[in-house]
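# Breakdown of the fold
Now for the letters of each chain:
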Amino acid sequence: MKTISVFCGSNFDGNPVLLKAVNDLADAMVEKEISLVFGGGRVGVMGLIADAVLTRGGKAIGVIPQFLMDKEVGHTGLTELIITENMHQRKQKMADLSDGIITLPGGFGTMEEFFEVLTWLQLGIHGNPIGLLNVDGFYDPLLMQIDLMVEKKFLKPLNRELVLSDHDPKTLIERMEKFDTKPDEVWFRDRNLT
């Protein structure tokens, strides 16, 4: 992997465990010469991960819609800043630039980004690995919900394997580098999930 998109919150609550995870992720990415692709903001966890990568000598590519630049939340010290017309173009550009995706803790926007690229992977639109950086158990309830989707037959067990998760950034990246799971597309032909 040469680039990883990081989805994360535009807020930061000061949690030292999350800050350590951000710094550990930056260490792992720069050590492997993986460039950061992110939402282009200078605020919250977005700003923290960009600054952490840049201070370690890595590359940070921001992708931000014009309306957020107009609100003066864009990070101006990046390797590259790409301005899009809207949020949809932002997500598509980030996906186009990325060899993998890591999701840090965040809110509605972070979850929406995660599930959209996960759905794209399930549909075969891309084949890039998707990881949840499960900082301090943040994603434990979400992983339980995904397992419930399998149990209730809304999700194929093989497609459950499309979601990689780990609390350690280095281990997560290593798992992503070995990712070779293909989505189970049988539901295009046979809608019975049993």
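Placed above this text is the structure.
In short, a report on the structure. These figures come from a predicted structure and were not determined experimentally.

### What to know about the overall build of the protein chain
Scanning the protein chain from N- to C-terminus turns up eight helices and seven strands. Its C-alpha atoms give the protein chain a radius of gyration of 16 Å, within 12% of the compact-globule value 16 Å for 194 residues. Projected onto its principal axes, the C-alpha positions of the protein chain cover 50 × 35 × 30 Å. For the protein chain, the proportion of its 194 residues judged to be buried stands at 47%. For the protein chain, contacts bridging at least 24 residues in sequence account for 69% of all contacts bridging at least 6. Surface exposure of the protein chain reaches about 9,900 Å², of which carbon and sulfur atoms provide 52%. Averaged over its 20 positive side-chain charges, the protein chain has a centre that lies 3 Å from the centre of its 28 negative ones.

### What about the side chain of Ser35?
Relative to the helices and strands, Ser35 is located in strand 2 (residues 35–38). Setting aside residues up to four positions removed in sequence, Ser35 forms contacts with Lys2, Thr3, Ile4, Met29 and Lys59.

### With respect to the packing of aromatic side chains
Tallying each qualifying case throughout the model produces two aromatic pairs. A ring pair is formed by Phe114 and Phe115, whose centres lie 4.9 Å apart and whose planes are at 70°; its orientation type is edge-to-face. Relative accessible area serves as the criterion here: at 0%, Phe114 is assigned to the buried category.

### A look at the nonpolar core
The biggest cluster of nonpolar side chains holds 53 residues, and the ones touching the most others in it are Leu25, Leu36 and Leu104. Broken down by element, this core gets its largest block of residues, seven residues, from helix 1 (residues 16–31). Those residues in contact with Leu104, other than ones at most four positions away along the chain, are Val6, Phe7, Cys8, Val22, Leu25, Val45, Thr110, Leu133, Val135 and Tyr139.

### What about the side chain of Ser5?
As for its position among the elements, Ser5 is in strand 1 (residues 3–7). Residue Ser5 is classed as buried on the basis of its relative accessible area, which comes to 1%. There is a polar contact of 2.4 Å between the side chain of Ser5 and the side chain of Ser98. If sequence neighbours within four positions are ignored, Ser5 has contacts with Val37, Met94, Ser98, Gly100, Ile101 and Ile102.

### Quick look at the packing of helix 1 against helix 8 (residues 169–177)
Put simply, helix 1 and helix 8 touch, their axes get as near as 8 Å, and they point 45° apart. Here helix 1 lies oblique to helix 8, going by the angle between them. In this structure, helix 1 uses Ala21, Asp24, Leu25, Ala28, Met29 and Glu31 to contact helix 8, whose residues at the interface are Pro169, Lys170 and Ile173. The class makeup of the residues in the contact of helix 1 with helix 8 is six nonpolar, no polar and three charged.

Rules used in this analysis
Residues numbered from 1 in each chain as written. Predicted model: local features only at pLDDT ≥ 70, side-chain atom pairs only at ≥ 80, totals over all residues. Heavy atoms only, no water. Helix = DSSP H or I, 4+ residues; strand = E, 2+ residues; numbered from the N terminus. Rg over C-alpha atoms; globule rule 2.2 N^0.38 Å. Buried < 20%, exposed > 50% of the residue type's maximum accessible area, 1.4 Å probe, protein only. Contact = heavy atoms within 4.5 Å. Areas by Shrake-Rupley, 256 points an atom, 1.4 Å probe, with all protein chains shown as cover. Lys, Arg positive; Asp, Glu negative; His and termini not counted. Charge placed at Lys NZ, Arg CZ, Asp CG, Glu CD. Phe/Tyr/Trp six-rings, centres within 6.5 Å; stacked < 30°, edge-to-face > 60°. Core = buried A, V, L, I, M, F, W, Y, C linked by side-chain atoms within 4.5 Å. Polar contact = N/O pair within 3.5 Å; in protein donor to acceptor, adjacent residues only side chain to side chain. Axes fitted to C-alpha atoms, helices over the stretch in contact; angles between N-to-C directions. Parallel < 35°, antiparallel > 145°, perpendicular 65-115°, else oblique. Nonpolar A, V, L, I, M, F, W, Y, C, P; charged D, E, K, R; others polar.

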